[in-house]
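Architecture at a glance
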Amino acid sequence: MLKGSCLCGSVAYEIHSELGSIIMCHCSKCRKANGSAFATNAPVNTKNFMLTRGEKFIAEFESSPGVFRVFCRNCGSPLYSRRSTTPEVVRLRIGTLDTAIESKPTAHVFAGSKAEWHEICDGLPQYSERP
């Protein structure tokens with residue numbers, strides 16, 4: 001089991017499965033939503049994802065049609081995103097995990113639109129868009 005939470009601790013969750021492939025997304029929306037050069041995400045089946053605290057602090061923003069970015073309304077921590085076209089999956093923001101993991105990122109997506117001030121130096125595959 002994996003556990004995670006937001007910055008202020010108002011929201012907490014558990015994952016009762018392994019994470020999917022960890023991907024670093026460099027699209028402009030992920031950069032803005034995370035205030036960083038990229039977002040580091042992994043898919044999790046919704047049947048294995050459970051909020052354990054703070055459901056009343058959950059807020060969503062529809063950043064593009066059918067794509068919802070979920071965050072803590074108290075501290076603003078991005079927690080996951082969900083798509084109306086794939087309701088069985090959430091894309092977890094790995095930085096919110098409290099449990100240590102051994103999995104490592106596997107690729108960079110939307111590297112074609114990465115921040116001009118960021119250099120990718122890790123040797124992982126880079127895709128201009130989503131493969």
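Structure: see above.
Residues numbered from 1 in each chain as written. Predicted model: local features only at pLDDT ≥ 70, side-chain atom pairs only at ≥ 80, totals over all residues. Heavy atoms only, no water.

1. Comments concerning the pattern of salt bridges
- Enumeration over the complete set of coordinates arrives at one salt bridge.
- Among the ionic pairs, Arg 82 bridges to Glu 60, the shortest N-O distance being 2.7 Å. A residue pair is termed long-range when its members are at least 10 positions apart, and Arg 82 in strand β8 (residues 78-83) and Glu 60 in strand β6 (residues 58-64) qualify at 22 residues.
- Arg 82 gets classed as partly exposed once you look at its relative accessible area, which sits at 28%.
- Under the relative-accessibility criterion, Glu 60 is labelled partly exposed at 38%. (Salt bridge = Lys/Arg side-chain N within 4 Å of Asp/Glu carboxyl O. Helix = DSSP H or I, 4+ residues; strand = E, 2+ residues; numbered from the N terminus. Buried < 20%, exposed > 50% of the residue type's maximum accessible area, 1.4 Å probe, protein only.)

2. A look at unusual backbone geometry
- The backbone phi angle of Phe 110 is positive, close to 55°, even though this residue is not glycine.
- The topology assignment puts Phe 110 in the segment after β10 (105-109).
- Under the relative-accessibility criterion, Phe 110 is labelled partly exposed at 21%.

3. Comments concerning the nonpolar core
- One finds Ile 15, Leu 19, Val 44, Phe 49, Leu 92, Ile 94 and Leu 97 to be the most contacted residues of the largest nonpolar core, which totals 19 residues.
- Where this core is concerned, the elements lending two or more residues are β2 (12-15), β4 (39-45), β7 (67-72), β8 and β9 (89-93).
- Excluding residues that lie within four positions of it along the chain, Leu 92 makes contacts with Tyr 13, Ile 15, Leu 19, Thr 40, Asn 41, Ala 42, Val 44, Phe 49, Leu 79, Tyr 80 and Leu 97.
- Core analysis: the second largest hydrophobic core is formed by five residues, Cys 25, Cys 27, Cys 30 and Ala 39 among them. (Core = buried A, V, L, I, M, F, W, Y, C linked by side-chain atoms within 4.5 Å. Contact = heavy atoms within 4.5 Å.)

4. Overview of the layout of surface pockets
- Looking at the largest pocket, its volume works out to about 350 Å³.
- What lines the largest pocket is a set of 21 residues, and nearest its centre among them are Cys 25, Asn 41, Arg 83, Arg 91 and Arg 130.
- Broken down by secondary-structure element, the contributors of at least two residues to the lining of the largest pocket are β3 (22-25), α1 (28-34), β4, β6, β7, β8 and β9.
- Of all the elements, β4 adds the most residues to the lining of the largest pocket, at three residues.
- The space that makes up the second largest pocket amounts to roughly 170 Å³.
- The wall of the second largest pocket is formed by Lys 29, Ala 33, Asn 34, Phe 61, Ser 63, Arg 69, Val 70, Phe 71, Gly 76, Pro 78, Tyr 80 and Arg 93.
- For the lining of the second largest pocket, the elements supplying multiple residues, two or more each, are α1, β6, β7 and β8. (1 Å grid on protein atoms, 1.4 Å probe; cavity = no way out; pocket = protein on both sides within 12 Å on 5 of 7 lines; lining within 4 Å. Points joined across faces, edges and corners; volume = space filled by probe spheres on them.)

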